[in-house]
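# Commentary on secondary and tertiary structure
Read off the chains here:
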Amino acid sequence: MEGSTSAARPGGIVSVMAMAGIVASLMQTLVVPLVGELPGLLHTTASNASWVITATLLAGAVTTPVTGRLGDLYGKRRMMLLCSVPLIAGCAVCAVADSLTPMIIGRGLQGMGMGMIPLGISALRDLLPPERLGPSIALLSSSMGIGGALGLPLAAAVAEYASWRALFWGVAVLSVLVAVLIRLLVPATPARAAGRIDVAGVLGLGAGLVCLLLGVSKGADWGWSSGTTLGLLAAAPVVLLLWGWWELHVKDPLVDLRVTARRQVLLTNLASIVVGFSMYAQALIVMQILQLPAATGYGLGQSMLAAGLWMAPSGLVMMAVSPLGARLSAAHGPKVTLISGSLVMALGYGSSMALLGSAWGMLIVTCVCSAGVGLAYGAMPALIMSAVPRSETAAANGFNTLMRSIGTTVSAAVVGVVLSQMTVRLAGHVLPSEDGFRAGMLIGCAAALVAAAVTLALPTRMSTPATGRDVPAEPVTTAKP
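Residues numbered from 1 in each chain as written. Predicted model: local features only at pLDDT ≥ 70, side-chain atom pairs only at ≥ 80, totals over all residues. Heavy atoms only, no water.

### Comments concerning the overall build of the protein chain
Applied cut-off: Elements are defined by DSSP. Helices are runs of H or I of four residues or more, strands are runs of E of two residues or more, and each kind is numbered from the N terminus. Here the globule rule reads 2.2 Å times residues to the power 0.38, and the radius of gyration is calculated from C-alpha atoms. Any residue under 20% of the maximum accessible area for its type is buried, any over 50% is exposed, and the rest in between are partly exposed; the area is computed with a 1.4 Å probe on protein chains only. In what follows, residue pairs with any heavy atoms lying within 4.5 Å of each other are defined as contacts. Surface exposure here means Shrake-Rupley accessible area, sampled with a 1.4 Å probe, where a residue is shielded only by the protein chains that are shown. Only four residue types enter the charge count: Lys and Arg as positive, Asp and Glu as negative, with His and the chain ends excluded. To locate a charge, the coordinates of NZ of Lys, CZ of Arg, CG of Asp or CD of Glu are taken.
Looking only at helices and strands, one finds 18 helices and two strands in the protein chain. Compactness check: the protein chain gives a C-alpha radius of gyration of 21 Å against a globular reference of 23 Å for 481 residues, within 12% of the reference. Taken along the three principal axes of its C-alpha coordinates, the protein chain extends 65 × 45 × 45 Å. The 481 residues of the protein chain split such that 56% are buried. The contacts in the protein chain between residues at least 6 apart in sequence include a share of 81% that link residues at least 24 apart. Taken as a whole, the protein chain presents about 18,100 Å² of accessible surface, with 69% of it coming from carbon and sulfur. When the 26 positive and 17 negative side-chain charges of the protein chain are each reduced to one mean point, those points stand 7 Å apart.

Structure, rendered in structure tokens:
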């Protein structure tokens, strides 16, 4: 069991945790600039090359709840260090890969490192004084979006002006640095939970998530009416229902569904799915509008690097609003912050109806949407941790992160279907139409409004980590010794 210590400075702990979150979230956008070149680089087809992105998604979704539970059982810092191992190894494998299989393996290993983010968020509850907890949670939670936004122009620049392998070696060095800083500057955290890992629960959740996310993410490639897609989507609810039955009856569940079913936790997780959906819609659409040729009449003709630079300020905005969100949560509660963030996202999407015609307009849209995401993402862990016992903070945050991932995956599928159905033909190429992009943005706006509506149903009276009180909104009766 790890022991706790108070020798480290809170500022150093938060800085290291935020850096870890940014580096881990870089994995989401690391290969985006290479998507068009991957078939040639890996000697494969475009359809097969898409597994380079899918592998990271699946590995992260399956392992994040597991690493969260292990963090509660064996200490969160210890598990953060263990998460850095596949992260570093994955970068190295990708850097030397010359075919599809090792690249997929490397990207899967990188996805396993994503569990570092919810582990870091939950560790703050053990390591920081109450007055520093709210702002620090907001910053670290926002780091997921910050890394994704800043990673795009960085990756585009390296891919354009240096070897693509340097991209992976560079992130490998950053990952090693993060691991060293965690070891040196982050105190050991106590193991809050008792029991053992639920192996059957791990396998059941993994199988259900693979069926769901694989069916959703690959449905467009395989065909939504194909036997494989329909079979996976039909199997997912069956497997997940069986997994839920098992979790309710096993002594040491991977996810305590009785705690997850509490009103505050359940509604926060539902809001997280919808916020994740809304967040990803604009990222998919704006990047395409910026890069489509001006000859379409609505494309802005930017290079990949230029498009990434236009989107980079959104990550800085997310970082800037995180302390504002923490102050709002401290004054009025995280429920207000989550509602505010959702409404700001809706405002950003709504403004796109008048701003699609210029790069500056796209900059405004992405910054406003990212401000809303920063507020919303910062409030979610506060809502979760104020409603679960200390023994389950890492597992609960890992499950919440999974909910966001499900939202982004479904968003990619839905927006992809909309853009594939609303097209125009230019110089022999079929491209998404302006009406398709507008429809996608309106869907993102609607999702943000749904998130606000779900949040309205949260309990009015609740505690928050920013207050230093661990009294949940509903009585905790299932905490394990």
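### Things to note about the side chain of Thr-337
With respect to the element layout, Thr-337 can be found in helix H15 (residues 334-355). Thr-337 sits in the buried class, given a relative accessible area of 1%. When residues no more than four places from it in sequence are discounted, the contact partners of Thr-337 are Gly-325, Leu-328, Ser-329, Leu-375 and Ala-379.

### A look at helix H7 (residues 116-127)
Keep this limit in mind: To estimate the expected span of a helix, count its residues, drop one, and scale the result by 1.5 Å.
With twelve residues, H7 ought to run about 16 Å at 1.5 Å a step, and its terminal C-alpha atoms sit 16 Å apart, in line with that. Of all twelve residues in H7, twelve are buried, a share of seventy percent or more. Those residues of H7 not exposed but buried are Met-116, Ile-117, Pro-118, Leu-119, Gly-120, Ile-121, Ser-122, Ala-123, Leu-124, Arg-125, Asp-126 and Leu-127.

### Quick word on the nonpolar core
Here is the rule: Buried residues of nine kinds, namely Ala, Val, Leu, Ile, Met, Phe, Trp, Tyr and Cys, make up a nonpolar core once their side-chain atoms join them within 4.5 Å.
Within the largest apolar cluster, 115 residues are counted, with the highest numbers of intra-cluster contacts made by Met-17 and Phe-168. A total of twelve residues in this core trace back to one element, the largest contributor, which is helix H13 (residues 263-291). Aside from chain neighbours lying at most four places away, what touches Phe-168 is Leu-30, Val-31, Leu-34, Cys-91, Cys-94, Ala-95, Met-103 and Gln-110. Core analysis: the second largest hydrophobic core is formed by six residues, Val-259, Ile-384, Ala-387 and Val-388 among them.

### Some words on the environment of Trp-51
Assignment of secondary structure puts Trp-51 in helix H4 (residues 51-74). Among residues more than four places away in sequence, those in contact with Trp-51 are Ile-104, Leu-214, Lys-218 and Trp-222.

### Concerning the pattern of salt bridges
Cut-off, in case you're wondering: Each salt bridge in this description consists of a side-chain nitrogen of Lys or Arg and a carboxyl oxygen of Asp or Glu lying within 4 Å of one another.
In total, this model carries three salt bridges according to the counting rule given. Between Glu-434 and Arg-438 there is a salt bridge, with its nearest N and O atoms 3.2 Å apart. Placement of both Glu-434 and Arg-438 in helix H18 (residues 434-456) is noted, with a separation of four residues, approximately one turn of the helix.

### Some points on the side chain of Ser-136
Using the following cut-off: Under this definition, polar contacts are N or O atom pairs within 3.5 Å; protein pairs additionally need one hydrogen-donor-capable and one acceptor-capable atom, and for neighbouring residues in sequence, both atoms have to be side-chain atoms.
With respect to the secondary-structure elements, Ser-136 resides in helix H8 (residues 130-161). At 2.7 Å, the side chain of Ser-136 and the backbone oxygen of Arg-132 are in polar contact.

### A word on empty space enclosed by the protein
Once rolled over the atoms, a probe with the size of a water molecule shows which space is left empty. Quick note on the threshold: With a 1 Å grid spanning the protein atoms alone, the term cavity applies to any set of points in which a 1.4 Å probe fits but cannot get out, the term pocket to an open set with protein on both sides within 12 Å along at least five of seven lines, and the term lining residue to any residue with an atom within 4 Å of a point. Grid points are joined across faces, edges and corners, and a volume is the space filled by probe spheres set on the points.
Enumeration over the complete set of coordinates arrives at two cavities of 30 Å³ or more. If you add up the space inside the largest cavity, you get close to 140 Å³. Considering the residues around the largest cavity, the lining is formed by 17 residues, among which Val-255, Asp-256, Thr-260, Glu-392 and Ala-396 are closest to the centre. The element that contributes the greatest number of residues to the lining of the largest cavity is helix H17 (residues 393-421), accounting for four residues.

### Observations regarding the pairing of strand S2 (residues 429-432)
As a reminder of what qualifies: DSSP bridges decide pairing: two strands pair if at least two such bridges lie between them.
Relative to S2, strand S1 (residues 423-426) runs antiparallel, the two sharing four bridges. Its bridge partner being in S2, Leu-426 is matched across the sheet by His-429. Counted between consecutive antiparallel strands, the loop separating S1 from S2 contains two residues, among which Ala-427 sits at a positive phi close to 50°.

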